[in-house]
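Below, each chain spelled out in residue letters.
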Amino acid sequence: MNEHVEQLSCQELVELVTNYLEGALSEEERLRFEDHIGRCQGCKVYLEQMRQTVSLLGHLPEAALSPNAEAELLEAFRGWRSA
Amino acid sequence: MAQAASEEKLLAALRAGDEDAFRELVREYQPSLVRVARIYVSTQAAAEEVAAETWLAVLNGLDRFEGRSSLRTWIFRILTNIAKTRAVRDGRTLPFSALDPGRVPEAAVAPDRFLDPEHPRWPGHWAVKPGPWPEDALLAAETRERIAEAIEALPATQRAVISLRDIEGWSSEEVRNALDLSETNQRVLLHRARSKVRAALEDYLNEAGT
(Lines give C-alpha, C1' and ligand atoms only; values in the text may rest on other atoms or scores of the structure.)
Protein backbone atom coordinates (compact mmCIF):
# COMPACT_ATOMS: atom_id res chain seq x y z
CA MET A 1 0.00 0.00 0.00
CA ASN A 2 2.84 2.31 0.87
CA GLU A 3 4.08 2.23 -2.71
CA HIS A 4 0.97 4.00 -3.89
CA VAL A 5 1.45 6.89 -1.53
CA GLU A 6 2.76 9.96 -3.29
CA GLN A 7 6.16 10.87 -1.89
CA LEU A 8 6.90 14.21 -0.36
CA SER A 9 9.44 16.41 -2.06
CA CYS A 10 12.03 18.20 0.07
CA GLN A 11 10.39 21.50 -0.79
CA GLU A 12 7.08 20.20 0.56
CA LEU A 13 8.68 18.68 3.62
CA VAL A 14 10.24 21.91 4.89
CA GLU A 15 6.74 23.44 5.04
CA LEU A 16 5.54 20.63 7.31
CA VAL A 17 8.31 20.78 9.90
CA THR A 18 6.44 22.93 12.43
CA ASN A 19 3.29 20.85 12.08
CA TYR A 20 5.45 17.78 12.64
CA LEU A 21 7.15 19.22 15.73
CA GLU A 22 3.76 20.39 17.05
CA GLY A 23 2.24 16.95 16.61
CA ALA A 24 -0.30 18.40 14.21
CA LEU A 25 0.17 15.98 11.28
CA SER A 26 -2.28 13.18 10.63
CA GLU A 27 -0.95 9.67 11.13
CA GLU A 28 -0.52 9.22 7.39
CA GLU A 29 1.25 12.55 6.96
CA ARG A 30 3.52 11.79 9.87
CA LEU A 31 4.55 8.45 8.37
CA ARG A 32 5.25 10.07 5.02
CA PHE A 33 7.29 12.75 6.77
CA GLU A 34 9.34 10.26 8.77
CA ASP A 35 9.79 8.00 5.77
CA HIS A 36 11.27 10.92 3.83
CA ILE A 37 13.51 11.98 6.74
CA GLY A 38 14.81 8.41 6.99
CA ARG A 39 15.96 8.48 3.39
CA CYS A 40 17.05 12.10 2.86
CA GLN A 41 20.16 13.50 4.48
CA GLY A 42 19.38 17.11 3.49
CA CYS A 43 15.97 17.02 5.15
CA LYS A 44 17.31 15.21 8.18
CA VAL A 45 19.82 18.03 8.69
CA TYR A 46 17.10 20.59 8.04
CA LEU A 47 14.84 19.11 10.72
CA GLU A 48 17.76 19.04 13.14
CA GLN A 49 18.47 22.71 12.41
CA MET A 50 14.86 23.63 13.16
CA ARG A 51 15.12 21.76 16.45
CA GLN A 52 18.39 23.52 17.26
CA THR A 53 16.80 26.86 16.42
CA VAL A 54 13.92 26.24 18.82
CA SER A 55 16.32 25.08 21.51
CA LEU A 56 18.52 28.18 21.12
CA LEU A 57 15.46 30.42 21.31
CA GLY A 58 14.60 28.79 24.61
CA HIS A 59 17.96 29.84 26.01
CA LEU A 60 17.91 33.47 24.95
CA PRO A 61 17.90 35.92 27.81
CA GLU A 62 14.42 37.37 28.20
CA ALA A 63 14.08 41.04 27.47
CA ALA A 64 14.63 43.04 30.63
CA LEU A 65 12.58 45.94 31.82
CA SER A 66 14.36 49.28 32.08
CA PRO A 67 14.79 50.44 35.70
CA ASN A 68 12.93 53.63 34.79
CA ALA A 69 9.91 51.83 33.44
CA GLU A 70 9.85 49.56 36.47
CA ALA A 71 10.06 52.50 38.86
CA GLU A 72 7.15 54.21 37.09
CA LEU A 73 4.99 51.11 37.29
CA LEU A 74 5.76 50.65 40.97
CA GLU A 75 4.87 54.29 41.53
CA ALA A 76 1.53 53.64 39.85
CA PHE A 77 1.06 50.60 42.08
CA ARG A 78 1.61 52.66 45.21
CA GLY A 79 -0.85 55.25 43.92
CA TRP A 80 -3.42 52.52 43.31
CA ARG A 81 -2.85 50.99 46.73
CA SER A 82 -3.33 54.25 48.59
CA ALA A 83 -6.37 55.24 46.53
CA MET B 1 -0.25 21.64 38.22
CA ALA B 2 0.59 24.04 41.01
CA GLN B 3 -0.13 27.00 38.75
CA ALA B 4 -3.67 27.60 40.00
CA ALA B 5 -2.61 27.54 43.62
CA SER B 6 0.31 29.92 43.09
CA GLU B 7 -1.96 32.22 41.09
CA GLU B 8 -4.40 32.33 44.02
CA LYS B 9 -1.52 33.33 46.27
CA LEU B 10 -0.30 35.95 43.86
CA LEU B 11 -3.77 37.44 43.53
CA ALA B 12 -4.21 37.59 47.28
CA ALA B 13 -0.83 39.32 47.62
CA LEU B 14 -1.66 41.84 44.89
CA ARG B 15 -5.03 42.64 46.40
CA ALA B 16 -3.35 43.13 49.74
CA GLY B 17 -1.07 45.70 48.11
CA ASP B 18 2.13 43.62 48.20
CA GLU B 19 4.64 45.57 46.13
CA ASP B 20 7.04 42.64 45.68
CA ALA B 21 4.26 40.58 44.15
CA PHE B 22 3.49 43.36 41.70
CA ARG B 23 7.15 43.82 40.81
CA GLU B 24 7.47 40.12 40.11
CA LEU B 25 4.42 40.15 37.88
CA VAL B 26 5.65 43.19 35.97
CA ARG B 27 9.08 41.66 35.42
CA GLU B 28 7.54 38.49 34.14
CA TYR B 29 5.06 39.98 31.69
CA GLN B 30 6.14 43.48 30.72
CA PRO B 31 8.49 42.45 27.86
CA SER B 32 5.81 40.19 26.39
CA LEU B 33 3.13 42.85 26.80
CA VAL B 34 5.23 45.32 24.84
CA ARG B 35 5.93 42.77 22.10
CA VAL B 36 2.27 41.90 21.74
CA ALA B 37 1.28 45.57 21.76
CA ARG B 38 3.64 46.09 18.82
CA ILE B 39 1.27 44.01 16.69
CA TYR B 40 -1.24 46.82 16.94
CA VAL B 41 0.69 50.05 17.35
CA SER B 42 3.47 51.29 15.17
CA THR B 43 6.19 52.39 17.57
CA GLN B 44 8.03 50.97 20.55
CA ALA B 45 7.11 54.06 22.59
CA ALA B 46 3.40 53.61 21.86
CA ALA B 47 3.66 49.93 22.76
CA GLU B 48 5.24 50.81 26.11
CA GLU B 49 2.46 53.30 26.79
CA VAL B 50 -0.12 50.65 25.99
CA ALA B 51 1.60 48.26 28.40
CA ALA B 52 1.67 50.88 31.16
CA GLU B 53 -2.01 51.60 30.60
CA THR B 54 -2.65 47.87 30.78
CA TRP B 55 -1.09 47.61 34.23
CA LEU B 56 -3.34 50.38 35.51
CA ALA B 57 -6.37 48.63 34.08
CA VAL B 58 -5.19 45.36 35.65
CA LEU B 59 -4.88 47.00 39.06
CA ASN B 60 -8.25 48.68 38.74
CA GLY B 61 -9.89 45.45 37.64
CA LEU B 62 -8.17 43.20 40.17
CA ASP B 63 -11.08 43.06 42.58
CA ARG B 64 -13.45 42.10 39.80
CA PHE B 65 -11.22 39.38 38.36
CA GLU B 66 -13.01 36.11 39.00
CA GLY B 67 -10.44 33.64 37.77
CA ARG B 68 -12.54 32.23 34.91
CA SER B 69 -9.45 32.48 32.75
CA SER B 70 -5.86 32.44 33.96
CA LEU B 71 -4.48 35.71 35.24
CA ARG B 72 -2.10 35.75 32.28
CA THR B 73 -4.86 35.36 29.71
CA TRP B 74 -6.88 38.06 31.44
CA ILE B 75 -3.95 40.51 31.44
CA PHE B 76 -3.29 39.92 27.74
CA ARG B 77 -6.98 40.35 26.87
CA ILE B 78 -6.89 43.74 28.56
CA LEU B 79 -3.72 44.62 26.69
CA THR B 80 -5.20 43.63 23.35
CA ASN B 81 -8.28 45.76 23.91
CA ILE B 82 -6.25 48.78 24.93
CA ALA B 83 -3.84 48.31 22.01
CA LYS B 84 -6.69 48.05 19.50
CA THR B 85 -8.33 51.19 20.87
CA ARG B 86 -5.01 52.98 20.66
CA ALA B 87 -4.47 51.80 17.08
CA VAL B 88 -7.86 53.16 16.05
CA ARG B 89 -7.14 56.45 17.79
CA ASP B 90 -3.81 56.70 15.96
CA GLY B 91 -5.65 56.08 12.70
CA ARG B 92 -3.79 52.85 12.17
CA THR B 93 -5.60 50.00 10.53
CA LEU B 94 -4.25 46.55 11.02
CA PRO B 95 -3.32 44.94 7.72
CA PHE B 96 -5.90 42.31 6.95
CA SER B 97 -3.29 39.61 6.77
CA ALA B 98 -1.54 40.33 10.07
CA LEU B 99 -3.53 37.84 12.12
CA ASP B 100 -4.64 35.75 9.18
CA PRO B 101 -1.40 34.72 7.53
CA GLY B 102 -2.98 32.16 5.23
CA ARG B 103 -3.81 34.78 2.67
CA VAL B 104 -0.25 35.50 1.69
CA PRO B 105 1.96 32.47 1.01
CA GLU B 106 5.54 32.59 2.24
CA ALA B 107 8.21 29.95 1.61
CA ALA B 108 10.11 28.53 4.60
CA VAL B 109 13.20 28.11 2.42
CA ALA B 110 14.12 30.17 -0.67
CA PRO B 111 12.75 28.36 -3.75
CA ASP B 112 16.15 28.51 -5.48
CA ARG B 113 17.49 26.06 -2.89
CA PHE B 114 15.41 23.37 -4.60
CA LEU B 115 15.38 21.75 -8.00
CA ASP B 116 12.48 22.60 -10.26
CA PRO B 117 9.14 20.99 -9.28
CA GLU B 118 9.08 19.69 -12.89
CA HIS B 119 12.57 18.22 -12.68
CA PRO B 120 12.40 14.82 -14.46
CA ARG B 121 14.24 12.86 -11.80
CA TRP B 122 14.34 14.85 -8.54
CA PRO B 123 11.41 17.28 -8.55
CA GLY B 124 11.50 19.64 -5.58
CA HIS B 125 14.61 18.06 -4.09
CA TRP B 126 17.44 20.03 -2.54
CA ALA B 127 19.69 21.72 -5.08
CA VAL B 128 21.83 23.08 -2.24
CA LYS B 129 21.47 20.85 0.82
CA PRO B 130 21.78 22.30 4.31
CA GLY B 131 24.95 21.19 6.06
CA PRO B 132 25.21 20.38 9.76
CA TRP B 133 26.04 23.35 12.00
CA PRO B 134 29.23 23.42 14.06
CA GLU B 135 28.21 22.85 17.68
CA ASP B 136 30.68 25.34 19.19
CA ALA B 137 29.62 28.20 16.89
CA LEU B 138 26.00 27.57 17.88
CA LEU B 139 26.79 28.30 21.49
CA ALA B 140 28.75 31.49 20.80
CA ALA B 141 27.42 34.79 22.09
CA GLU B 142 27.46 36.26 18.59
CA THR B 143 25.10 33.55 17.39
CA ARG B 144 22.62 34.63 20.05
CA GLU B 145 22.94 38.21 18.85
CA ARG B 146 22.13 37.10 15.31
CA ILE B 147 19.05 35.32 16.56
CA ALA B 148 17.93 38.43 18.42
CA GLU B 149 18.42 40.48 15.23
CA ALA B 150 16.47 37.97 13.17
CA ILE B 151 13.58 38.18 15.64
CA GLU B 152 13.62 41.97 15.55
CA ALA B 153 13.37 41.84 11.76
CA LEU B 154 10.19 39.73 11.81
CA PRO B 155 6.73 41.16 11.19
CA ALA B 156 5.20 42.07 14.58
CA THR B 157 2.69 39.22 14.71
CA GLN B 158 5.31 36.57 13.92
CA ARG B 159 7.64 38.17 16.44
CA ALA B 160 5.00 38.04 19.15
CA VAL B 161 4.17 34.38 18.48
CA ILE B 162 7.77 33.13 18.40
CA SER B 163 8.68 35.19 21.46
CA LEU B 164 5.84 33.82 23.55
CA ARG B 165 6.16 30.24 22.36
CA ASP B 166 9.89 29.72 22.09
CA ILE B 167 11.55 32.38 24.22
CA GLU B 168 9.01 32.56 27.04
CA GLY B 169 7.97 28.92 26.70
CA TRP B 170 4.18 29.36 26.58
CA SER B 171 1.97 26.56 25.26
CA SER B 172 0.24 27.00 21.92
CA GLU B 173 -3.09 27.23 23.72
CA GLU B 174 -1.89 30.09 25.92
CA VAL B 175 -0.58 31.96 22.90
CA ARG B 176 -3.84 31.44 21.02
CA ASN B 177 -5.82 32.76 23.96
CA ALA B 178 -3.61 35.76 24.55
CA LEU B 179 -3.50 36.80 20.90
CA ASP B 180 -6.95 35.55 19.95
CA LEU B 181 -5.57 33.40 17.13
CA SER B 182 -6.94 30.23 15.60
CA GLU B 183 -4.89 27.07 16.05
CA THR B 184 -3.93 27.02 12.38
CA ASN B 185 -2.91 30.66 12.25
CA GLN B 186 -0.83 30.32 15.38
CA ARG B 187 1.04 27.43 13.75
CA VAL B 188 1.50 29.21 10.44
CA LEU B 189 2.91 32.28 12.19
CA LEU B 190 5.20 30.15 14.34
CA HIS B 191 6.37 28.23 11.29
CA ARG B 192 7.23 31.35 9.35
CA ALA B 193 9.00 32.92 12.27
CA ARG B 194 11.06 29.80 13.08
CA SER B 195 11.88 29.25 9.42
CA LYS B 196 13.23 32.78 9.09
CA VAL B 197 15.30 32.54 12.24
CA ARG B 198 16.74 29.23 11.01
CA ALA B 199 17.56 30.80 7.64
CA ALA B 200 19.28 33.74 9.34
CA LEU B 201 21.31 31.32 11.46
CA GLU B 202 22.26 29.32 8.39
CA ASP B 203 23.43 32.47 6.59
CA TYR B 204 25.50 33.46 9.57
CA LEU B 205 26.99 30.05 10.32
CA ASN B 206 27.86 29.38 6.68
CA GLU B 207 29.58 32.73 6.51
CA ALA B 208 31.42 32.06 9.78
CA GLY B 209 32.42 28.56 8.69
CA THR B 210 34.09 29.64 5.47
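Participant: Tell me about the interface of chain A and chain B, residues and numbers included.
Facilitator: The interface of chain A with chain B comprises 35 residues on the first partner and 43 residues on the second. Here the side of chain A that touches chain B gets 11 residues from one element, more than from any other, and that element is helix α4 (residues 41-57) of chain A. Residue classes in the side of chain A that touches chain B are distributed as 18 nonpolar, 10 polar and seven charged.

Participant: Could you give me a rundown of the domain arrangement of chain B, with the residues and numbers involved?
Facilitator: All names here are of chain B. We note that the domain assignment places domain 1 (3-89) and domain 2 (101-209) within chain B. Each of domain 1 and domain 2 was reduced to a C-alpha centroid, and the two centroids are 29 Å apart. Taken residue by residue, the interface counts nine residues in domain 1 and 12 residues in domain 2. For the side of domain 1 that touches domain 2, the elements supplying multiple residues, two or more each, are α2 (19-37) and α4 (71-89).

Participant: Now, about the packing of helix α3 (residues 44-61) of chain B against α4(B): what can you tell me, with residues and values included?
Facilitator: Residue and element names in this part refer to chain B. Relative to each other, α3 and α4 sit at 130°, their axes nearing to 9 Å. As summarised for this structure, α3 and α4 are arranged oblique, according to the angle between their axes. Regarding α3 and α4, the two cross each other, and that crossing is right-handed. Here Ala46, Val50, Ala51, Glu53, Thr54, Ala57 and Val58 of α3 come into contact with α4, specifically with Ile75, Ile78, Leu79, Ile82, Ala83 and Arg86. Residues that form the contact of α3 with α4 fall into these classes: 10 nonpolar, one polar and two charged.

About the thresholds
Residues numbered from 1 in each chain as written. Chains lettered and ligands numbered in written order. Predicted model: local features only at pLDDT ≥ 70, side-chain atom pairs only at ≥ 80, totals over all residues. Contact = placed C-beta atoms within 7 Å. Helix = DSSP H or I, 4+ residues; strand = E, 2+ residues; numbered from the N terminus. Nonpolar A, V, L, I, M, F, W, Y, C, P; charged D, E, K, R; others polar. Domains from an automatic or database assignment. Axes fitted to C-alpha atoms, helices over the stretch in contact; angles between N-to-C directions. Parallel < 35°, antiparallel > 145°, perpendicular 65-115°, else oblique. Left-handed = near helix turned anticlockwise from the far one by under 90°.

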